[in-house]
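One-letter residues, chain by chain:
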Amino acid sequence: MLPEQAATGDSPRRADVAVGVLLSLSVVFWSSIPAVSGATDEVESVATTEPEYVVVMHGLGRTHRAMRPLAERIAQQGYRVFNVAYPSRNLAPAQLIEVVERAVADCCADARRLHFVTHSLGGILVRAHLAVNPDPRVGRVVMLSPPNQGTELVDTLGGNWLFEAVMGPTAKELGTGPDSLPNRLPPPDVEVGIVAATGSIHPLGSLLIPGEDDGIVARCRMWLEGAEMIADEDSHAMMMRSPEVARQVLLFISEGHFDHTTAESVVDPPECADPDE
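Residues numbered from 1 in each chain as written. Predicted model: local features only at pLDDT ≥ 70, side-chain atom pairs only at ≥ 80, totals over all residues. Heavy atoms only, no water.

Draft legend 1. Quick peek at the state of the cysteines. Counted by the stated rule, this structure contains 2 disulfides. Take the cysteines of the protein chain that form disulfides and number them in order along the sequence; they join up as 1-2, 3-4. (Disulfide = S-S within 2.5 Å.)

Structure (structure tokens):
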């Protein structure tokens, strides 16, 4: 079971109502991709003996197609890659975790060594999965712009009926409060690498997020204790298509570290900006 959720209280944020509505409408546009049922595609890979397995997971409101360019680059290096699709906007967290459990069981029962590469919400679901299903086969997890401490967007918009209707029940649990889904999870007991996007193509999102962000998640909220973290100039929505991000992902999977000569190292926990400043 997931860690118990604490009792919650109202914690409204100061935000202009018009901005909130506009952002909700942008969420509708961004999330216009039809919801998908759980499915796993194996990506064609270069044949190797006893390959290591990699499970790839997309983020909220996306499909496995968003991860395909990255999955194909990983497969070209000889990994056996499974690109998981899950109905991120239709199910509650516990149900989504069950989808992950089934996907891993179906694809990877015979894997000797297993890694995860995730985008956004995918990283939180893998953390939740590993919290209740510790697996000694799991070697490394690479997270792309994960809301490891939630996101201020949910603090502001989580009570908006349009946000809830479009984004679904799990999105509402991605706030920054101590009772949110990511903040109730322990750090995974595996090697974790985080690539933090810092380029925003979502100006309304950035308007509601204090400090440096990628339009969806504040950089400081991506931090996870014990993880290695670098910053990349791509955007939250497009970083999965970046050849440089793919290179860093592959380096971490294979060697357990990033190339810090070509990326900004994030060594200390970034301090979150005061929303009132």
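Next comes the rest of the account.
Draft legend 2. Representation of the pattern of salt bridges. All chains considered together, the criterion is met by 11 salt bridges. A salt bridge links Arg184 to Glu173; the shortest N-O distance between them is 3.6 Å. Of this pair, Arg184 sits in the loop between helix H6 (161–167) and strand E6 (191–199) while Glu173 sits in the loop between H6 and E6, placing them 11 residues apart in sequence. For the salt bridge of Asp259 with Arg247, the shortest nitrogen-to-oxygen distance reads 3.0 Å. With a gap of 12 residues between them, Asp259 in the loop between helix H9 (243–255) and strand E8 (264–266) and Arg247 in helix H9 connect regions that are remote in the sequence. Owing to a relative accessible area of 34%, Arg247 belongs among the partly exposed residues under this scheme. Among the charged side chains, a salt-bridge network with shared partners connects Glu212, Arg219 and Glu264. (Salt bridge = Lys/Arg side-chain N within 4 Å of Asp/Glu carboxyl O. Helix = DSSP H or I, 4+ residues; strand = E, 2+ residues; numbered from the N terminus. Buried < 20%, exposed > 50% of the residue type's maximum accessible area, 1.4 Å probe, protein only.)

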